[in-house]
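Below are the chains, spelled out letter by letter.
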Amino acid sequence: MTTSPAFVPAQLVGRQAVLDTLDGLVHRLQDGVSDIAVITGPVGSGRSAVLERAVERARSSGLAAGVARCSPRESQLPYGAITQLLGTLCGPSRIGALACGIGPASRPTDTVARMCDTLLALSAGRPVLLAVDDLHLADPHSLRRLVDLIDRARQGAVLAVVTSPVPVRQVLAAAGARPSVPRPVHTLRLDPLTTAEARGLVESRVGHPVPPPVLTVAGIADRSPAVLHAVADRINALGRPLDTDAVPQLIAAARTTWSARALNTIHGLPKNVVALLHATTVGGRHVQPARLAALTGLDATALADAVDALRACGLLADTDPPRLRHPWFADEVVAGMSGPERDRLHRRAAWLDGQEGSGVGTVAEMPGDATALVCPWTASDHTDSACARPPQAVDLATATLRHSLCEPVTETERAGRLIRLAAAEAAIAPQASDGRLRQVMLRHLSRATWPHVLHAADLLLGRGDAETARWVIADVHQRALTEIPDDELRPLRALGRLAHKEKGGLPLVAPPPLHSDRPGHPAQSAVLAWTLATRGEDRAQALELARAALDEPESVPYMCRLAAARALLCADDVPTALVRLDAVAADAHRDNAVAAAAQALLSRAEAEVRHGRGEEAMLPLNAAKAALPPASWHSLLAPRLAGAEILALVRCGRVDEARSASERARSRPEGHSVTMAFLLYARAELALIDGDAARALLLLEECGRVLRAKRWRNPMLIPWRSTAAVAHHHLGAPVIADELLAKELDVAERWGTREAFIALRARTHEALARHGVDVPWASGPDIPPAAPDETAPEPEVLTPSERDVAAFVVEGLANREISRRLGLATRTVELRLTNVYRKLGIKGRAALVARLRARQEDA
């Protein structure tokens with residue numbers, strides 16, 4: 001039996017209503033009234049902390065309390081929970097006397113009966129609290145005896161308080177423990193914290209205010225207290241102010257905490273619930289309820305109960321058909337299945353396909369079938385729907401390929417089959433596809449398999465998960481140093497550098513691959529060209545490097561070729577870039593690299609948007625979504641797709657559809673990578689069109705922050721300052737607008753694309769003007785912006801007291817809070833703010849925040 005763990009006092013933010021109810025039940029217990037309460041809630045919601053608080057309150061009131069904390073290990077010990085309850089209610093001498101009274105010839109049932117009778121005797125004439133944490137992990141013997149105890153507790157008052165993430169009726173039914181008489185139960189649900197509660201919890205734990213991105217991290221696991229505690233602890237461990245690179249480390253801490261608790265929850269779920277979780281994970285997002293029932297063998301009632309249980313645990317989203325709440329958890333679930341379990345599930349899926357009328361080829365025939373899953377795309381026809389294979393055929397192909405992995409083959413053949421399977425699964429089971437690629441890289445690294453390892457790294461990065469690709473590539477590079485020649489390692493280094501440019505910053509398990517600024521391989525030339533282009537440095541060298549890399553396509557990974565083509569777009573070599581993008585898309589389609597092909601099409605669509613050609617942009621966008629359905633795009637890449645679609649629709653004049661696309665993007669999890677800047681910018685244009693300049697400015701400032709954090713300074717990528725100037729114009733800050741326009745033009749001029757950028761900016765402003773946005777600079781592309789007013793007042797003209805008030809406004813504090821912090825009357829704060837606005841020539845808080853933040857970041 002495991003030792004009961006000591007509980008750490010928890011901050012029970014947002015749980016006051018539940019605590020008040022439990023206090024009321026404890027008072028009823030003192031009055032001799034028996035009750036049953038169930039504390040339920042999703043993973044990490046704080047069930048154990050709330051139960052511990054109830055036990056403390058009962059003991060402080062002089063009540064006896066028996067506590068049992070169940071665990072996966074305890075679930076294997078008969079009567080483990082009963083033993084814990086008895087051990088916490090009786091002193092050592094009482095337990096010793098009980099043990100001495102049980103003879104060596106006593107049967108186990110006699111021993112348990114005496115234990116239960118002792119518990120009943122303890123409750124006679126006095127109130128007793130029986131607290132069982134994680135009831136779903138209790139052993140079946142204890143569950144049945146607990147029900148019997150509660151039924152028989154008539155001589156005294158008993159308050160039974162248990163925690164369980166799944167409905168108790170399902171837990172008891174699985175153990176065959178049913179009360180003889182139905183009893184009323186108080187169900188206390190712990191909901192996710194509100195945004196304000198989440199902020200309060202984190203800030204109270206770290207001891208200082210935290211920026212908004214931390215709360216976004218909390219959203220990874222639905223603002224659960226356990227995850228928030230882990231995030232706060234990681235902040236404290238950093239020991240430095242939070243910056244952009246710290247946010248992905250917080251994401252890693254949040255995911256680890258949530259996954260660990262979710263896996264612990266899975267151990268105690270009923271078999272039918274676990275079966276549904278496995279089927280949902282392996283089947284992917286397209287699996288309908290009827291197919292799930294066939295895969296699991298559950299009838300309609302059992303399937304509905306299993307869905308309810310998984311949703312109550314927070315493992316499934318409230319969608320139809322059911323799917324995992326967090327797609328990245330699929331890898332954890334699959335890893336927890338045994339090989340035979342996965343094989344049985346795959347074989348049953350293949351058998352169901354056969355029952356539905358699909359012809360099943362032999363395993364030897366499958367590589368050719370898988371190769372034909374996606375037809376080649378050509379630049380002349382972006383919307384050829386004939387290339388799409390029916391989902392049923394794709395499922396059949398992947399099921400048979402999975403089965404082929406059971407055959408005895410060489411390591412090189414196995415790596416090749418895994419890559420073919422990953423390519424086939426990319427559109428229907430992207431998480432499983434990513435897992436195959438990681439398996440090739442981490443488990444099949446050898447001299448013979450190196451080409452497959454390099455190809456897997458390219459495909460993994462093509463999916464958009466730059467965070468995972470970065471640390472996997474770093475790990476592979478570290479282990480390959482001793483057996484792979486340096487010349488063959490260089491393309492992997494290039495991919496690692498490319499992943500680093502777009503990652504969020506997940507901690508590495510190995511040092512990052514070194515990448516020289518003097519490239520010795522075409523792949524490295526491509527990445528260096530893209531680096532120079534994003535920074536707006538040395539256009540001539542960037543052009544030379546990009547063209548050199550694209551002249552040797554056979555030796556350059558797809559993602560590096562894409563980087564080189566995007567560098568050409570930034571350098572205004574548009575015709576060459578479009579031809580190269582078409583070539584990458586066609587080659588990637590022939591190779592079943594659907595994610596890389598979709599990215600090439602996306603880059604082509606973005607180029608068309610920059611030139612104001614909305615209808616032409618929609619063609620490659622639709623082709624990209626046909627190759628890789630939007631739901632299968634990784635959360636770190638999906639914002640870029642959504643941003644391109646919104647802007648293309650705006651350029652087409654279809655603003656209502658653009659708003660709908662923006663709303664659809666909100667329903668998907670948003671990762672922390674530089675691609676988020678593209679969606680922020682697109683939403684800012686919509687906000688301007690809707691007349692909300694203040695919101696547009698906030699979005700654009702965040703867009704600029706994301707780009708600056710990655711040193712992406714080239715305005716040919718996103719002209720966010722030009723659009724921010726429009727917002728400032730609407731907010732009554734023309735001086736700031738002129739400064740932004742001048743600074744942006746200066747960067748473009750130093751990069752060498754002054755005229756191209758003026759044309760790009762003019763097209764952007766004209767598009768906004770067509771939708772009713774007042775843009776004073778939309779008169780023509782050749783008119784440069786006004787020079788900044790050198791006499792414009794600087795923040796230094798403010799008095800120290802005015803600067804203090806302005807600083808708190810930048811932090812987001814309201815006037816009342818500022819007055820409290822500074823010990824001033826609210827009216828005094830208002831007067832000082834009025835002076836600040838007058839001196840700086842601006843109107844309103846949004847303009848003040850934007851002005852001061854811009855100056856701080858420029859400094």
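Quick caveat: nothing in here was measured; it's all calculated off a predicted structure. (Residues numbered from 1 in each chain as written. Predicted model: local features only at pLDDT ≥ 70, side-chain atom pairs only at ≥ 80, totals over all residues. Heavy atoms only, no water.)

**A few points about the overall build of the protein**
The line we're drawing: Under the scheme used here, helices are H or I runs from DSSP no shorter than 4 residues and strands are E runs no shorter than 2 residues, and both carry numbers assigned from the N terminus. Note on classification: 1.4 Å probe, protein chains only; a residue is buried when its accessible area is under 20% of the maximum for its type, exposed when over 50%, partly exposed between these limits. Contact definition: two residues touch when any of their heavy atoms are within 4.5 Å. What sets the accessible areas is the Shrake-Rupley method with a 1.4 Å probe; for residues, cover comes only from the shown protein chains.
Counting its regular elements, the protein contains 40 helices and five strands. In the protein, buried positions account for 55% of the 859 residues. For the protein, contacts bridging at least 24 residues in sequence account for 73% of all contacts bridging at least 6. By element, 53% of the accessible surface of the protein is carried by carbon and sulfur atoms, the whole surface being about 35000 Å².

**Some details on the environment of arginine 178**
Mapped onto the fold, arginine 178 is located in the loop between helix H7 (168-175) and strand S5 (186-189). Ignoring sequence-local partners within four residues, the contact set of arginine 178 consists of Val147 and Ala173.

**Notes on helix H2 (residues 47-60)**
For clarity, the threshold we go by: Given a helix with a known number of residues, its expected span is that number minus one, times 1.5 Å.
Taking 1.5 Å of rise per residue, the 14 residues of H2 would be expected to cover 20 Å, and the 20 Å separating its terminal C-alpha atoms lies within 8% of that figure. Burial in H2 covers these residues: Arg47, Ala49, Val50, Leu51, Glu52, Ala54, Val55 and Ala58. Trailing H2 by a residue or two, glycine 62 shows a phi angle of about 85°, which is positive.

**Remarks on the packing of aromatic side chains**
Note the cut-off: Two rings belonging to Phe, Tyr or Trp (six-membered ring only in the last case) form a pair when the distance between their centres is within 6.5 Å. Interplanar angles under 30 degrees mark stacking, angles over 60 mark edge-to-face geometry, and anything in between is tilted.
According to the stated counting rule, one finds one aromatic pair in the structure shown. Where tryptophan 530 meets tryptophan 712, the ring centres are 5.5 Å apart and the plane angle is 80°; that geometry is what we call edge-to-face. Here tryptophan 530, found in helix H24 (residues 522-535), pairs with tryptophan 712, found in the loop between helix H33 (693-709) and helix H34 (720-730); they are 182 residues apart in sequence, far enough to count as distant. Across the pair, exposure class does not vary: tryptophan 530 and tryptophan 712 are buried alike.

**Overview of the environment of valine 409**
Among the secondary structure elements, valine 409 is positioned in the loop between helix H18 (391-404) and helix H19 (411-425). For valine 409, a relative accessible area of 24% translates into the label partly exposed. Beyond its immediate stretch of four places on either side in the chain, valine 409 contacts Arg414 and Arg417.

**Observations regarding the packing of helix H25 (residues 539-550) against helix H26 (residues 558-570)**
For clarity, the threshold we go by: Think of each axis as a best-fit line through the C-alpha atoms, taken over the contacting stretch in the case of a helix, with angles from 0 to 180 degrees between the N-to-C directions. Roughly parallel means an angle under 35 degrees; roughly antiparallel means over 145; roughly perpendicular covers 65 to 115; every other angle is labelled oblique. For any pair of crossing helices, the crossing counts as left-handed if the nearer helix is rotated counterclockwise from the farther one by less than a right angle, and right-handed if it is rotated clockwise. Side-chain classes follow a simple rule in which Ala, Val, Leu, Ile, Met, Phe, Trp, Tyr, Cys and Pro form the nonpolar group, Asp, Glu, Lys and Arg form the charged group, and the remainder, Gly included, forms the polar group.
Look at H25 against H26: their axes get within 9 Å of each other, and the N-to-C directions meet at 140°. In terms of orientation, H25 lies oblique with respect to H26. As for the relative orientation of H25 and H26, their crossing is left-handed in sense. Contact residues: H25 offers Leu543, Ala546, Arg547, Ala549 and Leu550, while H26 offers Arg561, Ala564, Ala565, Ala567 and Leu568. Among the residues making up the contact of H25 with H26, the classes are represented as eight nonpolar, no polar and two charged.

**A few points about the pairing of strand S3 (residues 128-133)**
Looking down a regular strand, the side chains alternate between one sheet face and the other. To be explicit about the condition: At least two DSSP bridges between two strands are needed for those strands to be called paired.
Among the six residues of S3, six are classified as buried, and the element is accordingly described as predominantly covered. Here S3 shows no split at all, with Val128, Leu130 and Val132 on one side and Leu129, Ala131 and Asp133 on the other all buried. Of the strand pairs in this sheet, strand S2 (residues 64-69) and S3 are connected by six bridges, and their pairing is parallel. Of the residues in S3, the one forming a bridge with glycine 66 is leucine 130. The sheet contact formed by S3 and strand S4 (residues 158-163) spans five bridges and is parallel. What sits directly across from leucine 129, in S4, is leucine 159.

**Digging into the side chain of aspartate 582**
Inclusion rule: Polar contact is the term for a pair of N or O atoms within 3.5 Å; when the atoms are in protein, one must be able to donate a hydrogen and the other to accept it, and sequence-neighboring residues count only if both atoms are side-chain atoms.
Here aspartate 582 lies in helix H27 (residues 574-590). Residue aspartate 582 is classed as buried on the basis of its relative accessible area, which comes to 14%. A polar contact is formed between the side chain of aspartate 582 and the side chain of arginine 604, at a distance of 2.6 Å.

**Quick word on the pattern of salt bridges**
Between side chains of opposite charge, a pair can form as their charged atoms come close. Note the threshold: We count a salt bridge whenever a side-chain nitrogen from Lys or Arg sits within 4 Å of a carboxyl oxygen from Asp or Glu.
Under the definition given, this model contains 35 salt bridges. Between aspartate 134 and arginine 47 there is a salt bridge; the shortest N-O distance is 3.6 Å. Linking aspartate 134 in the loop between S3 and helix H6 (140-152) with arginine 47 in helix H2, this pair joins segments that are 87 residues apart in sequence. Side by side, aspartate 134 and arginine 47 carry an identical accessibility label, which is buried. One salt bridge in this structure joins aspartate 487 and arginine 490, with 3.5 Å as the shortest N-O distance. Remark: arginine 490 and aspartate 487 occur in helix H23 (residues 486-502); sequence separation between them is three residues, near one turn of the helix. By relative accessible area, which is 52% here, aspartate 487 ends up exposed.

**Quick word on the sheet that holds S2**
The five strands are arranged S2-S3-S4-S1-S5 in an open sheet whose pairing can be described as parallel. On the outer flanks of this sheet lie S2 and S5, each paired with one strand and no other. Along the sheet, successive strands turn relative to each other by an average axial angle of 15°, direction set aside. Summarising the sheet, strand S1 (residues 35-40) and S4 pair through five bridges and their orientation is parallel. Pairing of isoleucine 39 across the sheet is with threonine 163, part of S4.

**Focus on the side chain of histidine 728**
Of note, histidine 728 is situated in helix H34. Accessibility expressed as a relative area gives 1% for histidine 728, which makes it buried.

**Observations regarding the pairing of S2**
Taking burial as the measure, the six residues of S2 include six buried ones, the bulk of the element. By the alternation rule, side chains of S2 split into Ala64, Gly66 and Ala68 and Ala65, Val67 and Arg69, which are all buried.

**Details of the environment of proline 42**
Structurally, proline 42 can be placed in the loop between S1 and H2. Proline 42 sits in the buried class, given a relative accessible area of 16%. C-alpha of proline 42 to C-alpha of cysteine 313: the two residues are 271 residues apart in sequence and 4.2 Å apart in space. Leave out the neighbours within four places in its chain, and proline 42 touches Arg47, Arg189, Leu190, Ala312, Cys313 and Gly314.

**Section: the nonpolar core**
This is how the line gets drawn: Put simply, a nonpolar core is a bunch of buried Ala, Val, Leu, Ile, Met, Phe, Trp, Tyr and Cys residues held in one set by side-chain atoms that sit within 4.5 Å of each other.
Among the nonpolar cores identified, the biggest contains 164 residues, and Met441, Trp450, Trp530, Trp633, Ile718 and Leu848 are the most heavily contacted of them. No other element matches the 12 residues that helix H32 (residues 676-689) contributes to this core. Non-local contacts of tryptophan 530, meaning those with residues more than four positions away in its chain, are made with Leu498, Lys501, Glu502, Ala563, Arg566, Ala567, Cys570, Trp712 and Leu717. One finds Val171, Leu269, Leu295 and Cys313 within the second-largest nonpolar core, a separate group that totals 66 residues.

**Quick look at unusual backbone geometry**
Not every positive phi belongs to a glycine, and aspartate 538 is a case in point at roughly 55°. Given a relative accessible area of 43%, aspartate 538 falls into the partly exposed group. Phi at arginine 711 takes a positive value of approximately 65°, unusual for a residue other than glycine. Looking at the secondary structure, you find arginine 711 in the loop between H33 and H34.

**Observations regarding the confidence of the model for the protein**
When pLDDT is low, close inspection of the predicted coordinates is not appropriate. Selection criterion: A residue's pLDDT is the confidence the predictor assigns to it, expressed on a 0 to 100 scale.
Looking at the protein as a whole, the pLDDT averages 78, with 76% of positions reaching at least 70. Across the protein, the secondary-structure element scoring lowest on mean pLDDT is helix H17 (residues 366-371), at 31, and the one scoring highest is H26, at 95. This stretch, residues 356-394, has a pLDDT under 50; its non-local contacts, to residues over four places away or in other chains, come to 57 contacts. For residues 780-795, every residue scores under 50 in pLDDT, and the model assigns this stretch 27 contacts once sequence neighbours within four places are set aside.

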